[in-house]
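Listed below are the residues making up each chain.
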Amino acid sequence: MLAQIHEHIVNELGQSSRTDTIFVVTAILFNLIVLGVNSAVAASASGSQASGANDFVLAVFILMTVLINAVAVMALTLGRRTRQTLLDGLMAMYADNDVDQYYDPSLLANYGTRYMLFASVIILLAITAIVVPLILRWM
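Everything in this summary refers to the structure shown in the same document. The written sequence of each chain sets the order in which its residues are numbered from 1. Residue-level local features of this predicted model are given only where pLDDT is at least 70; pairs of side-chain atoms are given and counted only at 80 or more, and the full residue set underlies all totals for whole chains, interfaces and linings. Each side-chain value is worked out from all heavy atoms of the structure, with water and hydrogens disregarded.

## Notes on the overall build of the protein
A tally of regular secondary structure across the protein gives 3 helices and 0 strands. Mapped in sequence order, the helices and strands of the protein form the string α-α-α. The C-alpha atoms of the protein give a radius of gyration of 21 Å, which is well past the 14 Å a tight globule of 139 residues would have. Relative accessibility thresholds used throughout: buried, under 20% of the residue-type maximum; exposed, over 50%; partly exposed, between the two (1.4 Å probe, protein chains only). Here the protein, with 139 residues, has 30% of them falling under the buried criterion. For this analysis, residues touch if any pair of their heavy atoms sits within 4.5 Å. In the protein, the share of contacts with a sequence separation of at least 24, taken over all contacts with a separation of at least 6, comes to 83%. Counting every atom, the protein has about 8500 Å² of accessible surface; 71% of that belongs to carbon and sulfur. Counting from the N terminus, the helices are the DSSP runs of H or I reaching at least four residues and the strands are the DSSP runs of E reaching at least two. Based on C-alpha atoms, the radius of gyration is set beside the globule rule, defined as 2.2 Å times the residue count to the power 0.38. Note that accessible areas follow from Shrake-Rupley with a 1.4 Å probe, and for residues the cover is restricted to the protein chains shown.

## Remarks on the packing of aromatic side chains
Any pair of Phe, Tyr and Trp rings, taking the six-membered ring for Trp, is counted once the centres come within 6.5 Å. Such a pair is stacked with planes under 30 degrees apart, edge-to-face with planes over 60 apart, and tilted for the rest. For the coordinates displayed, the defined rule picks out 1 aromatic pair. Taking 6.2 Å as the distance between ring centres and 50 degrees as the angle between the ring planes, the aromatic pair formed by Y94 and Y103 counts as tilted. Of the residues examined, Y94 reaches a relative accessible area of 18% and is grouped as buried. In this structure Y103 comes out as buried when scored by relative accessible area, which is 16%. In this scheme, the term charge over a ring applies when either NZ of a lysine or CZ of an arginine sits within 6 Å of the ring centre and within 35 degrees of the ring normal. Sitting above the plane of the Y111 ring, R83 keeps its charged end 4.8 Å from the centroid. Seen from the ring of W138, R137 lies directly overhead, with NZ or CZ sitting 4.4 Å from the centre.

## Looking at unusual backbone geometry
Positioned with a positive phi, D98 is a non-glycine residue whose angle comes to about 55 degrees. Relative to the helices and strands, D98 resides in the loop between α2 (52-96) and α3 (106-138). Relative accessible area serves as the criterion here: at 59%, D98 is assigned to the exposed category.

## Brief notes about the environment of L125
Looking at the secondary structure, you find L125 in helix α3. Each C-alpha atom of the pair L125 and F30 lies 9.4 Å from the other, and the pair is 95 residues apart in sequence. The residues touching L125, leaving out its near neighbours within four places in the chain, are I28, N31 and L32.

## What to know about α2
Here a helix's expected span is defined as the number of its residues, less one, multiplied by 1.5 Å. The terminal C-alpha atoms of α2 lie 66 Å apart, and with 45 residues this matches the ideal 66 Å at 1.5 Å per residue to within 8%. Just past α2, the residue D98 takes up positive phi, approximately 55 degrees.

## Some thoughts on the nonpolar core
The definition of a nonpolar core used throughout is a set of buried Ala, Val, Leu, Ile, Met, Phe, Trp, Tyr and Cys residues joined through side-chain atoms within 4.5 Å. Counting residues in each nonpolar core, the largest one holds 10 residues, listed as I9, L13, L86, L87, L90, M91, M93, Y94, Y103 and L108. Counting only elements with at least two residues in this core, the list comes to α1 (2-46) and α2. A per-element tally of this core places α2 first, with 6 residues. Apart from the residues lying within four places of it in its own chain, the contact partners of I9 are L86, L90 and M93. Formed by 8 residues, the second largest nonpolar core is a distinct cluster that contains V24, A72, V73 and Y115.

## Details of the packing of α1 against α2
To define axes, lines are fitted to C-alpha atoms, for helices over the stretch in contact only, and angles between the resulting N-to-C directions are given on a 0 to 180 degree scale. Remark: α1 packs on α2, axes separated minimally by 9 Å, with the N-to-C direction vectors making an angle of 165 degrees. Classified by the interaxial angle, the pair formed by α1 and α2 is roughly antiparallel. Handedness of the α1/α2 crossing: left-handed. Class assignment of the residues belonging to the contact of α1 with α2 gives a composition of 28 nonpolar, 11 polar and 4 charged. Working definition: roughly parallel below 35 degrees, roughly antiparallel above 145 degrees, roughly perpendicular at 65 to 115 degrees, and oblique for all remaining angles. Working rule for handedness: look at the near helix, and if it is turned counterclockwise from the far one by less than a right angle, call the crossing left-handed; if clockwise, right-handed. Here the term charged refers only to Asp, Glu, Lys and Arg, the term nonpolar to Ala, Val, Leu, Ile, Met, Phe, Trp, Tyr, Cys and Pro, and the term polar to all other amino acids, Gly among them.

In structure tokens:
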């Protein structure tokens, strides 16, 4: 039974990792695409063919950028908590079976740092996707 629980926790960790990867990659690609689209819209909005529609489209894309990135960061936060809970369970199981010396507890802190770095990349790209087009629009 213990082996089945161990396998289940390890499978959950793998699924959680894949889900986190999907959120990170999707958010990064979205931010890069929106940066290009917003820059093009902002450039045309500041040119001779400027219209209120360009500013409205730019505002909608900015709003969607904020919302999608907020969802991605919340998903990463949930993934971080899930991973921590699963790893705590594994560590307890290892301690109960006197094999915990083979798992370095500093790895738990490293996982938390990794999630923070992923979220930082997403947030910085989101800021870039918003600020650069606004600079193009108003300068």
